There are 2 protein chains.
Amino acid sequence: MSQEQSGRAPKGTGVEGKEVEDLESLLGYQLKHLQTTLRSRMDATLRPLDLTTPQYNCLEQLRRSPGASNSELARGAFVTRQTMNTLVRGLQERGLITRPAKADSGRILPTRLTPAGERLLDQAVSRVEAISARMVSPLDDETRTKVTEALGLCIAALEESEDG
Amino acid sequence: MSQEQSGRAPKGTGVEGKEVEDLESLLGYQLKHLQTTLRSRMDATLRPLDLTTPQYNCLEQLRRSPGASNSELARGAFVTRQTMNTLVRGLQERGLITRPAKADSGRILPTRLTPAGERLLDQAVSRVEAISARMVSPLDDETRTKVTEALGLCIAALEESEDG
DNA sequence: CTCTTAATGTCAGCATACTGACATAAATGA
DNA sequence: TCATTTATGTCAGTATGCTGACATTAAGAG
């Protein structure tokens, strides 16, 4: 609380430093709040399609990278390959994606959207984009760009130390 | 792919609209990336203390709101009370927090940190603050404030429609 | 060619987080 | 007062997401 962190003094304007508290960790707090709210809204809008947000993300990424491996999908969705594996299986059982039972060359089992998967994804995309648009609606283009860049800097700062 | 979604033209600056694609959803993407990375770093730094990020959040909130109910903690951590319940039980079994078996007045069971919980939390806080500081280290004070405010606007935009 | 290293897919176990449902207690309105 | 609404704690079930571990295959080093 009272251990000076790095010499900067955002509370040096006057008398007490009580309400100010943690301007730093406030970013983490807002981050979590927004992420949770966004996830909640996406889940709600996808529920009529019987899709969850991670499932949507998987399908969406598969459209942009047809034939991607499970590990590739995992990296793109920021989850482990184990997590993505269970996700992929569920989508496969529902006939939304296809995956060969055996690999021709290595171990990689290239995954692809089925026509049913594409159709469902089309519906999902328009729903999700409406939410995404609403989220950023209070920000003008410049702010939006700035914020995105700032978040990118934060990511880099966290990742540069002790591998990625 | 080629079905115009809503008529807006963020790609209307020139010739092709391929790379630009989704400036909107990029914010969501960065959001998820940063959140995941932060969570990963926090988990890693808390592991020696045998604490997870949600557990840390619970303890931390309990220090600021001693005697909080389970539902209060849930709201503060942006999870359901069911989720918080399991979290609280685990911490209780480890003797880090206390909770009466029966309520004196209503149904609320006020929760508090034990001395052991306080000690552990002290260690955790310094570790987590180091990570939080590293995350925001690339941002100057003005940018940090702007970003936090911008995220707040996004939260409000998502929450204002169809209850909160 | 052989050993090592990295990458992939998968099994098991556990923690987190949600929805749905139920009983109980407080607050509110009629 | 009595009924309705709201808030809380909890049970059950399921989905997500992690670590640890293992076998298999690819790629490189020697």
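Look above for the structure.
Residues numbered from 1 in each chain as written. Chains lettered and ligands numbered in written order. Predicted model: local features only at pLDDT ≥ 70, side-chain atom pairs only at ≥ 80, totals over all residues. Heavy atoms only, no water.

A. Just the protein's contact with DNA strand D, in detail. Taken together, 26 residues sit near DNA strand D, with A:T52, A:T80, A:R107, B:R89 and B:R107 positioned nearest. Protein-proximal atoms of DNA strand D, defined as those within 4 Å of the protein, fall in sugar or phosphate at a share of 58%. Note that a phosphate oxygen of DNA strand D is positioned 3.5 Å from one of the backbone N or O atoms of B:N70. In the environment of DNA strand D, a phosphate oxygen lies 3.3 Å from a nitrogen or oxygen atom belonging to the backbone of B:L109. At the level of elements, α2 (53–64) and α4 (81–93) of chain A together with α3 (70–77) and α4 (81–93) of chain B are the ones that each hand at least two residues to the surface near DNA strand D. Along the lines of polarity and charge, the residues of the surface near DNA strand D split into 6 nonpolar, 12 polar and 8 charged. (Near = heavy atom within 4 Å. Polar contact = N/O pair within 3.5 Å; in protein donor to acceptor, adjacent residues only side chain to side chain. Helix = DSSP H or I, 4+ residues; strand = E, 2+ residues; numbered from the N terminus. Nonpolar A, V, L, I, M, F, W, Y, C, P; charged D, E, K, R; others polar.)

B. Region of the structure containing unusual backbone geometry. Residue and element names in this part refer to chain A. Residues other than glycine seldom take positive phi values, yet D50 does so here, at roughly 60°. The topology assignment puts D50 in the loop between α1 (23–46) and α2. On the accessibility criterion, D50 (54% relative accessible area) is exposed. Even without being glycine, F78 reaches a positive phi, approximately 60°. (Buried < 20%, exposed > 50% of the residue type's maximum accessible area, 1.4 Å probe, protein only.)

C. The arrangement of the packing of helix α6 (residues 141–160) of chain A against helix α5 (residues 115–136) of chain B in detail. It is at 7 Å that the axes of α6(A) and α5(B) come closest, and there the two elements cross at 130°. Taken together, α6(A) and α5(B) sit at an angle that is classed as oblique. Residues A:C154, A:A157 and A:L158 of α6(A) lie in contact with α5(B), whose contacting residues are B:I131, B:R134 and B:M135. When the residues that make up the contact of α6(A) with α5(B) are grouped by side-chain class, the tally is 5 nonpolar, no polar and 1 charged. (Axes fitted to C-alpha atoms, helices over the stretch in contact; angles between N-to-C directions. Parallel < 35°, antiparallel > 145°, perpendicular 65-115°, else oblique. Contact = heavy atoms within 4.5 Å.)

D. Broad picture of the protein's contact with DNA strand C. The local shell around DNA strand C holds 27 residues, among which A:R89, A:R107, B:T52, B:S105 and B:R107 are the closest. Here, DNA strand C places atoms within 4 Å of the protein, and 59% of those atoms are sugar or phosphate. For DNA strand C, a phosphate oxygen lies 2.9 Å from a polar atom in the side chain of A:R75. Here a phosphate oxygen of DNA strand C and a side-chain polar atom of B:T52 are 2.3 Å apart. When contributions to the surface near DNA strand C are tallied by element, the ones reaching two or more residues are α3 (70–77) and α4 of chain A together with α2 (53–64) and α4 of chain B. Its residues assigned to classes, the surface near DNA strand C comprises 6 nonpolar, 12 polar and 9 charged.

E. Region of interest: the side chain of A:T148. In this fold, A:T148 is placed in helix α6. Given a relative accessible area of 9%, A:T148 falls into the buried group. Within the local environment of A:T148, its side chain forms a polar contact with the backbone oxygen of A:R144, the two atoms lying 2.8 Å apart. In this view, A:T148 contacts B:L26, B:L27 and B:Q30; residues no more than four positions away in its chain are not counted.

F. Examining the packing of aromatic side chains more closely. This model, assessed by the stated rule, comprises 2 aromatic pairs over all chains. Considering the side-chain rings of A:Y29 and B:F78, the 5.3 Å spacing of their centres and the 55° angle between planes classify their relative orientation as tilted. On the criterion of chain membership, the pair formed by A:Y29 in helix α1 and B:F78 in the loop between α3 and α4 is interchain, its members lying in two chains. A relative accessible area of 41% means that A:Y29 is categorised as partly exposed. Under the relative-accessibility criterion, B:F78 is labelled buried at 18%. (Phe/Tyr/Trp six-rings, centres within 6.5 Å; stacked < 30°, edge-to-face > 60°.)

G. Focus on the environment of B:V128. Residues and elements named next belong to chain B. The residue V128 is located in helix α5 in this model. Taking the C-alpha atoms as reference, V128 lies 9.1 Å from Y56; in sequence the two are 72 residues apart. Beyond its immediate stretch of four places on either side in the chain, V128 contacts M42, L46 and Y56.

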